[in-house]
Structures are given as structure tokens and as C-alpha cells.
Amino acid sequence: MYKNEIKTSVSIIDKKAKNYIIFATILSVIIYFTLVFLIIPCRAFATNISESKLVELVNQERKTRGLSELSQDPQLYYAAKLKAQDMINKNYFNHYSPNGKSPWDFIRNSGYEYQKAGENLAMDFATSSGIHNAWMASETHKNNILKPDYEHIAIAVLKGNFNNKNTTMVVQMFGNPMPENQYPAQSLIFGIRNFILGF
């Protein structure tokens, strides 16, 4: 009887050990696939791109050249955000959308009435300084950044899926507004809407 009890307890221990091994194996597999498919891609996709840092870099460039600093405008920001989202939604990277919508359409639809406006685009960068340096190395992008006429800036940074891969889309918009006495009444409506939406 004592021997049988020993055998029984040993078989119970063996059964528990098997269950622990199976459980540990399943848990290891789950952790492995979580790392491979979720955490590691997210870390690789993580960027140090900051809207405020990009504005700061633009203003540093302008200041060193004796140009006035640009202030951020909520209506222009709304336009930049919509443009970034439109590029991700429609899977394009261009100043003009596939249906022919221009940067000026996005700006006007935000309620920002301008005399002059400009747009810079960037994608697939990991840092704010990387984007800024690339823009400064391009004559047309640099001209936008250093244009003396501009008063306002807005930068939208949006993460999303582009051509079946994760990326960060960046839209930088500049504007020289119309004098306030020339603003149409519709601009007030857009301004109220953007305020309510938090832009």
C-alpha cells in the first residue's frame, strides 16, 4: 500500500510537470510571435519626428538669416492634417491628389485665406532633423522655408500604412494671409468649425 501511494504521487508529479512544460512552451510561442509581429515592427516604426521640433528648426534657419520667425496657424494646421490623411487614405505622395485636388484646395477648404502659400512633403524619415536637412538640401523646399513673405507655418505628422508598409507622412504648409478686412464671411465659419474640432 505504501509503494502504491508513492507510485501515485510520482505519476501526479509527472503529470503536473508535463502540464507546466506544455504551458511554458505555449507561452513561449505566444511571446515569440507577439515580439516578431507586434512589438518589434512597432519599435522599428517608432520615430522621433515632432511637429514642434520641425517648426523650431524652420525658425532657427530663418532667424540665422535675419528673417522673421513663423507662427503656427490652426487653420493651416487643419489643412496640413487633412492633406496628410488624404495621402494615406488614397495611397499617393504628391502635391496633387489622384482626383486633381491641389494643396491650395486643402488650404482654402480649411478657411485660411492667403495671398501666398506653399507646401513641403516628406515620408519615410526617422527624425525631425533628417527631414529638415533633406528639405534644406532641395532648392524648392528650401525656398519655401526661407521665403520672406510667409508669416504662418503648420506641420502635420501622421503615421499610417502606405504601399502596404508603415510610414510617417509629414506635410509642412506655409502661408501669407489676406488682410483681415478682405476675409470673406465664410472664413469666420471655418474658423469656428476648426476651433470646435480642436485645430
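Refer to the structure above for everything that follows.
Residues numbered from 1 in each chain as written. Predicted model: local features only at pLDDT ≥ 70, side-chain atom pairs only at ≥ 80, totals over all residues. Heavy atoms only, no water.

Some points on the overall build of the protein
For step 1, the next point in the chain: A count of helices and strands for the protein gives seven helices and four strands.
For step 2, the next point in the chain: Secondary structure elements in the protein, listed N-terminal to C-terminal, are α-α-β-α-α-β-α-α-β-β-α.
For step 3, the next point in the chain: Scored against the burial criterion, the 199 residues of the protein give a buried share of 37%.
For step 4, the next point in the chain: By sequence separation, contacts in the protein at least 24 residues apart represent 74% of the contacts at least 6 residues apart.
For step 5, the next point in the chain: As displayed, the protein offers around 12,100 Å² of accessible surface, 59% of which is attributable to carbon and sulfur atoms. (Helix = DSSP H or I, 4+ residues; strand = E, 2+ residues; numbered from the N terminus. Buried < 20%, exposed > 50% of the residue type's maximum accessible area, 1.4 Å probe, protein only. Contact = heavy atoms within 4.5 Å. Areas by Shrake-Rupley, 256 points an atom, 1.4 Å probe, with all protein chains shown as cover.)

Digging into helix α6 (residues 139-146)
Residues spaced three or four apart along an α-helix point in a common direction, a consequence of the helix completing one turn every 3.6 residues.
For step 1, the next point in the chain: Residues of α6 that are buried: H141, N144, I145 and L146.
For step 2, the next point in the chain: Summarising the contacts, the buried residues of α6 are in contact with α2 (51-64), β2 (114-123), α5 (128-136) and β4 (165-177).

What about the side chain of S110?
For step 1, the next point in the chain: Relative to the helices and strands, S110 is located in the loop between α4 (103-109) and β2.
For step 2, the next point in the chain: Of the polar contacts made by the side chain of S110, one reaches the backbone oxygen of I107; its length is 2.6 Å. (Polar contact = N/O pair within 3.5 Å; in protein donor to acceptor, adjacent residues only side chain to side chain.)

Thoughts on the packing of aromatic side chains
For step 1, the next point in the chain: A complete count under the given rule lists one aromatic pair for this structure.
For step 2, the next point in the chain: Ring geometry for Y150 versus F174: centroids 5.3 Å apart, planes at 15 degrees, classification stacked. Taken as a pair, Y150 in the loop between α6 and β3 (152-162) and F174 in strand β4 lie far apart in primary sequence, 24 residues in all.
For step 3, the next point in the chain: Residue Y150 is classed as buried on the basis of its relative accessible area of 1%. (Phe/Tyr/Trp six-rings, centres within 6.5 Å; stacked < 30°, edge-to-face > 60°.)

Side note on the nonpolar core
For step 1, the next point in the chain: Grouped together as the largest cluster of nonpolar side chains are 21 residues, with contacts concentrated most on L76, M87, I107, M169, V171 and M173.
For step 2, the next point in the chain: In terms of nonpolar packing, the next biggest core, distinct from the first, is built from 17 residues, V55, L70, W135 and I155 among them. (Core = buried A, V, L, I, M, F, W, Y, C linked by side-chain atoms within 4.5 Å.)

A short note on the packing of α2 against α5
For step 1, the next point in the chain: Look at α2 against α5: their axes get within 9 Å of each other, and the N-to-C directions meet at 40 degrees. One finds that α2 runs oblique with respect to α5. Here α2 and α5 pass one another in a crossing that is right-handed. Within the contact between the two elements, α2 uses K53, L54, L57, V58 and E61 and α5 uses S128, S129, I131, H132, W135 and M136.
For step 2, the next point in the chain: By residue class, the composition of the contact of α2 with α5 is six nonpolar, three polar and two charged. (Axes fitted to C-alpha atoms, helices over the stretch in contact; angles between N-to-C directions. Parallel < 35°, antiparallel > 145°, perpendicular 65-115°, else oblique. Left-handed = near helix turned anticlockwise from the far one by under 90°. Nonpolar A, V, L, I, M, F, W, Y, C, P; charged D, E, K, R; others polar.)

Some details on the environment of Q172
For step 1, the next point in the chain: Tracing the backbone through its elements, the reader meets Q172 in strand β4.
For step 2, the next point in the chain: A relative accessible area of 0% places Q172 in the buried class.
For step 3, the next point in the chain: Other than its neighbours up to four places away in sequence, Q172 contacts V58, G118, E119, N120, W135, I145, I153, A154 and I155.

Notes on the packing of α5 against α6
For step 1, the next point in the chain: Running from amino to carboxyl end, α5 crosses α6 at an angle of 105 degrees, the nearest separation of the two axes being 6 Å. With respect to each other, α5 and α6 are oriented roughly perpendicular. Facing H132, W135 and M136 of α5, the residues of α6 in contact are H141, K142, I145 and L146.
For step 2, the next point in the chain: Of the residues that constitute the contact of α5 with α6, the class distribution is four nonpolar, two polar and one charged.

Some words on the pairing of β4
For step 1, the next point in the chain: Of all the 13 residues making up β4, 11 are buried; the element is thus mostly covered by neighbouring parts of the structure.
For step 2, the next point in the chain: Examined bridge by bridge, β2 and β4 share nine bridges and lie antiparallel to one another. Directly across from G118, in β4, lies its bridge partner F174.
For step 3, the next point in the chain: Relative to β4, β3 runs antiparallel, the two being bridged by 11 bridges. Directly across from A156, in β4, lies its bridge partner V171. (Pairing = 2+ DSSP bridges.)

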